[in-house]
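Coordinate inspection notes
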Amino acid sequence: MKVIKRMTQKKLSLPTIDLSLWKDQKAPDDVFLNSLRKAAHAYGFFYLKGHGISADLNAELMMQAKNFFSLSLPQKEQVAMINSPHFRGYNHAGRELTRGKADWREQLDIGPERPVIQDLTGKPAYFRLQGPNQWPETLPRFKETVLSWQDQVLSVLRRLLEALALSLGQQASAFHPAVSNTPYQLLKLIHYPGRHDDGKKQGVGAHKDSDLLSLILQDNEGGLEVELTNGEWLQAPPQPETFIVNIGELLEVASGGYFKAAVHRVISPAAGRNRLSAAFFLGAQLDATMPTFSLPDPLAGTSSGITQDPENPLFSQIGQNTLKGRLRSHPDVAARHYNDLFTAAPSKDLHHA
Ligand SMILES: O=C(O)CCC(=O)C(=O)O
Ligand SMILES: [Fe+2]
């Protein structure tokens, strides 16, 4: 009995990709590319090690996140997201929705520090996503640490995208037009409080990310899970010195469905416990359109195409897909700052992004 259990667990563990195997910007070898392609195709969710981001910086980020969530609610509300047309800032637990159901987590959303686009007349609404962040004033090293981590993670993901492009038989530069200049990006610092008496377990409900690639740093609590193609849920517990990387909807579009955006969720910690994570989402230039690459033969034959979900239409126009995700996740921000876009407020099929 025990042996079978052990064998099953071994078979079902998530793959680990070691980015340090790709040295000195030289073309990565076939072994590395094959394992990356396989991980992205079969799971859409994997561990990343050899990324070059120091354990100290990761620990400092988690410490700053902890300091922020330890502030009083009125202090956190000073940077409430409802004040920001750019969807930046704090949301208390229960305010964000996934598929219409409240998530049990509080979070601070931080994007790239960019100026507001002044003259938006005649421009698409998604340009309103660009603008400044809201920073907690009482935490001196917070902004510096967060921006430094954000910067380093962005470089890691840009590099990983070069490898992913090569693994699909494309030029390493295939994603450069989408991510080299000023891609949309978002960092969420997240605190999952312990379960309530009502026993509900939705830390964040099952969802796909609407970006190209996401990267998650988690503390030791666990609770992150990914849905396999056979419908089973597999745990993704923390592993030292690694991040979780997962495929988002834009990469599913780019790969013609060869890489699938992974459905994942977080189960709330038990009562009295809590969990911290930092999730970074790399989108793309808002005014670009995600191309769908034509894949070389052996790959093209094994792709089942882009997922069609009437509740969650995928737009290849990036700004449109990005704004869709933000509006659905934050109907209160949508109602305050984007009311002109709706005849009725979105409510039924809200989807976390
Ligand atoms: O907190 C985590 O580990 C994952 C969060 C997540 O999937 C998301 O915010 O999209
Ligand atoms: Fe996610």
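Residues numbered from 1 in each chain as written. Chains lettered and ligands numbered in written order. Predicted model: local features only at pLDDT ≥ 70, side-chain atom pairs only at ≥ 80, totals over all residues. Heavy atoms only, no water.

In the nomenclature of an unreviewed UniProt entry, the protein is known as 2-oxoglutarate-dependent ethylene/succinate-forming enzyme of Gluconobacter cerinus. As stated in UniProt under Sequence similarities (unreviewed entry), the record for the protein gives "Belongs to the iron/ascorbate-dependent oxidoreductase family." Checking UniProt for the protein, the heading Cofactor (unreviewed entry) contains the comment "Fe(2+)". (UniProt positions renumbered as here; feature names shortened; annotations may be inferred.)

A word on the overall build of the protein. Looking only at helices and strands, one finds ten helices and 14 strands in the protein. Relative to a compact globule of 353 residues, whose C-alpha radius of gyration would be 20 Å, the protein shows 20 Å and is just as compact. Taken across its 353 residues, the protein has 52% of its residues classed as buried. For the protein, contacts bridging at least 24 residues in sequence account for 78% of all contacts bridging at least 6. Here the protein displays about 16000 Å² of accessible surface, and carbon together with sulfur accounts for 53% of that area. (Helix = DSSP H or I, 4+ residues; strand = E, 2+ residues; numbered from the N terminus. Rg over C-alpha atoms; globule rule 2.2 N^0.38 Å. Buried < 20%, exposed > 50% of the residue type's maximum accessible area, 1.4 Å probe, protein only. Contact = heavy atoms within 4.5 Å. Areas by Shrake-Rupley, 256 points an atom, 1.4 Å probe, with all protein chains shown as cover.)

Here the largest pocket defines a volume of roughly 370 Å³. Lining the largest pocket are 20 residues, and of these Asn58, Leu217, Gln218, Pro240 and Glu241 sit closest to its centre. Top element by residues in the lining of the largest pocket is helix 3 (residues 55-69). It accounts for four residues. Here the lining of the largest pocket is built from residues that sort into eleven nonpolar, seven polar and two charged. A volume near 290 Å³ is recorded for the second largest pocket. Taken together, 13 residues form the lining of the second largest pocket, with Lys101, Ala102, Asp103, Lys200 and Gln202 sitting closest to its centre. Only strand 5 (101-102) and strand 8 (202-207) provide two or more residues apiece to the lining of the second largest pocket. In terms of residue class, the lining of the second largest pocket is made up of three nonpolar, four polar and six charged. (1 Å grid on protein atoms, 1.4 Å probe; cavity = no way out; pocket = protein on both sides within 12 Å on 5 of 7 lines; lining within 4 Å. Points joined across faces, edges and corners; volume = space filled by probe spheres on them. Nonpolar A, V, L, I, M, F, W, Y, C, P; charged D, E, K, R; others polar.)

It is worth spelling out the nonpolar core at this point. Grouped together as the largest cluster of nonpolar side chains are 66 residues, with contacts concentrated most on Trp149, Leu160, Phe175, Leu189, Leu251 and Met290. With twelve residues, the single largest contributor to this core is helix 5 (residues 142-167). When sequence neighbours within four positions are dropped, the list of residues in contact with Trp149 reads Ile53, Leu57, Asn58, Leu61, Leu187, Leu215, Leu217, Phe243, Ala278 and Phe280. Ranked by size, the runner-up nonpolar core spans 31 residues in total, among them Ala125, Tyr192, Ile244 and Tyr338. (Core = buried A, V, L, I, M, F, W, Y, C linked by side-chain atoms within 4.5 Å.)

One non-glycine residue, Phe87, adopts positive backbone phi at about 60°. Secondary-structure assignment places Phe87 in the loop between helix 4 (73-77) and strand 3 (89-91). We note that Glu241 has phi near 65°; this positive angle belongs to a residue other than glycine. Of note, Glu241 is situated in the loop between strand 11 (233-235) and strand 12 (243-247).

Before going further, it helps to spend a moment on the sheet that holds strand 9 (residues 213-218). The strand order 1-2-12-9-14-7-6-3 describes an open sheet built from eight strands, whose pairing is mixed. At either margin of the open sheet sits one strand with a lone partner, and together these are strand 1 (16-18) and strand 3. Pairwise comparison of adjacent strand axes, ignoring direction, gives a mean angle of 25° for this sheet. Pairing between strand 6 (residues 106-110) and strand 7 (residues 185-193): five bridges, direction antiparallel. Pairing of Ile110 across the sheet is with Leu187, part of strand 7. Sitting on the sheet, helix 3 is in contact with strand 3, strand 6, strand 7, strand 9, strand 12 and strand 14 (274-282), with an inclination near 115° to strand 14. (Pairing = 2+ DSSP bridges. Axes fitted to C-alpha atoms, helices over the stretch in contact; angles between N-to-C directions.)

Moving on, we come to the coordination of the iron ion (ligand 2). The protein atoms donating to the iron ion (ligand 2) are His207 (NE2), Asp209 (OD) and His264 (NE2), with metal-donor distances spanning 2.1 to 2.2 Å. The sequence pattern describing where the donors of the iron ion (ligand 2) fall on their chain is H-x1-D-x54-H. Here His207 matches Asp209 in class, with each residue buried. (Donors = N, O, S within 2.8 Å, 3.2 Å for Na, K, Ca; no water.)

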